[in-house]
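Working through the structure, step by step
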Amino acid sequence: MDSRNGPEAPQESNVKSFFNSAPPLRDGDLICNKLKEFMDRISLSSENGSPVRVVCVTSGGTTVPLEQRCVRYIDNFSSGHRGAASTEYFVKAGYAVIFVYRRGSCQPYCRYLPQDSFLEFFDLTEDSTIQVYCILQVCQSHATMVKKAIRDYRKAVEEGLLLKIPFTTIFEYLQILQMVAKSMSWTATRGMFYLAAAVSDFYVPWESMAEHKIQSAAGPLDMRLTQVPKMLSVLRKEWAPSAFCISFKLETDPGILLQKADMAMRKYGMHVVVANELATYKEEVIIVTKGRRTAVRRHNKETDLEEQLVYLLDEMHYEYIKQGGA
Ligand code: 9Z3
């Protein structure tokens, strides 16, 4: 039932109670200002004579804290590679990208820099005449790759095509997604949401969460998790009704994957659902649209599946804009 005519639908009240009880974003004002600056700049630029298209790419997994002063949390599987790689290809295709990412996850243009052997990338030359100074250089073997990454990253930032916003918890993620969606409303059909982040389905409401570290002396832990309200339909219906929306569906059982992707499309009104299976997600995804399924496969180990994926979605978005968002 419409809330203007009577009691709120359960989904609507779940959404309200999620946001009302969420701890306020620590850097809410800063994020708001950054978004405004970014959008102001984009609104003045053009891509081949037309207004620039804008995509919000979400990436990495959200956490669910178990304590307000968090020591323990539940995490969601995602390295952030898909979101980071896709961001690079969206920028290359002329999009301005808002990259909403999990702190510590893969970053665009740095995907190839191994974090565990980072120091092996550098050579240190000590100058014996000037003892205080030493020269830090990228090793010859990695120089070309690092130079390209720095150039591409700086170009994207200097041209105002990349804004990065970090999150950790499900509370931060959904508040940021709402802010981004609202700040993108002026882009209408030129806006896109590419929701690759792995989002928690269950959470502990803030007000019922233990403040301090849960003690093990009390014996086994029984905990009831509440369902996270389905924000995909809120995004489509309220926050960004004209934007082109793509969500991802991850399953471990190949027998239910496509059926679940179809359901997500119908239930949440997504324009596209990208279906992937945990065992093969790096090699293959299936683009599911109304009445059509298109498999996208990685050609070889040297290429990114995301290059083809972004290319196809870019074409679909272009068509969507041409049709006036139908
Ligand atoms: C995905 O399915 C992504 O493709 C991956 C990417 C998380 C598998 P990586 O970051 O992995 O490259 O390591 N993301 C969406 C997962 C998700 O939580 N989807 C929800 C669902 O399946 C819908 S929003 O219910």
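These numbers were taken from a predicted model, which means no experiment stands behind them. (Residues numbered from 1 in each chain as written. Predicted model: local features only at pLDDT ≥ 70, side-chain atom pairs only at ≥ 80, totals over all residues. Heavy atoms only, no water.)

Attention shifts here to the site of the ligand. With respect to spatial proximity, 15 residues lie near the ligand, and among them S78, S79, G80, K249 and N276 are the closest. Residue V199 places a main-chain N or O atom 3.1 Å away from an oxygen atom belonging to the ligand. The separation between an oxygen atom of the ligand and a polar side-chain atom of Y281 is 3.1 Å. Notes on the ligand: free accessible area 600 Å², of which the protein chains cover 90%. When residues of the shell around the ligand are traced back to their parent elements, those giving at least two are α3 (81–92) and β13 (244–251). Considering every element that reaches the shell around the ligand, the biggest residue donor is β13, with three residues. (Near = heavy atom within 4 Å. Polar contact = N/O pair within 3.5 Å; in protein donor to acceptor, adjacent residues only side chain to side chain. Areas by Shrake-Rupley, 256 points an atom, 1.4 Å probe, with all protein chains shown as cover. Helix = DSSP H or I, 4+ residues; strand = E, 2+ residues; numbered from the N terminus.)

Ordered by their spatial adjacency, eight strands build an open sheet running β9-β6-β3-β10-β13-β14-β15-β16, and the pairing between neighbours is mixed. The sheet terminates laterally at β9 (162–167) and β16 (292–297), the two strands that pair on one side only. Pairs of neighbouring strands in the sheet enclose a mean axial angle of 15°, with direction left out of account. Note that β13 and strand β14 (residues 272–277) share six bridges and pair parallel. (Pairing = 2+ DSSP bridges. Axes fitted to C-alpha atoms, helices over the stretch in contact; angles between N-to-C directions.)

For P65, the position within the fold is in strand β4 (residues 64–65). Taking the C-alpha atoms as reference points, P65 and I170, 105 residues apart in sequence, are found 8.6 Å from one another. Ignoring any residue separated from it by four or fewer positions in sequence, one finds P65 in contact with C70, R72, Y73, T169, F171, V204 and M209. (Contact = heavy atoms within 4.5 Å.)

This part covers the UniProt feature "domain: DNA/pantothenate metabolism flavoprotein C-terminal" (unreviewed entry) in the chain. Under the local residue numbering, the UniProt record ascribes the feature "domain: DNA/pantothenate metabolism flavoprotein C-terminal" (unreviewed entry) to residues 55–156 and 178–303. In the segment residues 178–303, helix accounts for 24% and strand for 28%; the C-alpha atoms at its two ends are 33 Å apart. (UniProt positions renumbered as here; feature names shortened; annotations may be inferred.)

Side chains of residues three or four places apart in an α-helix project in the same direction, reflecting 3.6 residues per turn. Here α3 spans 17 Å end to end across twelve residues, near enough to the 16 Å set by a 1.5 Å rise per residue. Every buried residue of α3 is listed here: R82, G83, A84, A85, S86, T87, E88, Y89, F90 and V91. Where α3 ends, the next residue or the one after it, G94, has phi of about 100°, a positive value. (Expected span 1.5 Å × (residues − 1). Buried < 20%, exposed > 50% of the residue type's maximum accessible area, 1.4 Å probe, protein only.)

In terms of nonpolar packing, the biggest core is built from 87 residues, with I98, F193 and Y194 touching the most fellow members. Looking at this core, the element that brings in the most residues is helix α5 (residues 170–183), giving eight residues. (Core = buried A, V, L, I, M, F, W, Y, C linked by side-chain atoms within 4.5 Å.)

Let us now look at the pattern of salt bridges. Within this structure, the stated rule accounts for 19 salt bridges. A salt bridge links R53 to D314; the nearest nitrogen and oxygen atoms lie 2.9 Å apart. Of this pair, R53 sits in the loop between β2 (50–51) and β3 (54–59) while D314 sits in helix α8 (residues 305–322); the two residues are 261 residues apart in sequence, bridging distant segments of the chain. The residues R53 and D314 share a single accessibility class, namely buried. Residues K148 and D152 are paired through a salt bridge, measuring 2.5 Å at the closest nitrogen-oxygen approach. With K148 and D152 both in helix α4 (residues 140–158), this residue pair falls four residues apart, about one helical turn. The class for K148 is exposed, based on a relative accessible area of 52%. (Salt bridge = Lys/Arg side-chain N within 4 Å of Asp/Glu carboxyl O.)

It is worth spelling out the packing of aromatic side chains at this point. In this structure the tally under the stated criterion is 14 aromatic pairs. Taken together, a centroid distance of 5.9 Å and an interplanar angle of 85° make the contact between F171 and W206 edge-to-face. With F171 in helix α5 and W206 in the loop between β11 (202–203) and β12 (226–227), the pair connects residues that are 35 residues apart, well separated along the chain. Taking relative accessible area as the criterion, F171 reaches 2% and is therefore assigned buried. Residue placement shows K164 over the ring face of Y101; its charged tip is 5.9 Å from the ring centre. (Phe/Tyr/Trp six-rings, centres within 6.5 Å; stacked < 30°, edge-to-face > 60°. Lys NZ or Arg CZ within 6 Å of the ring centre and 35° of its normal.)

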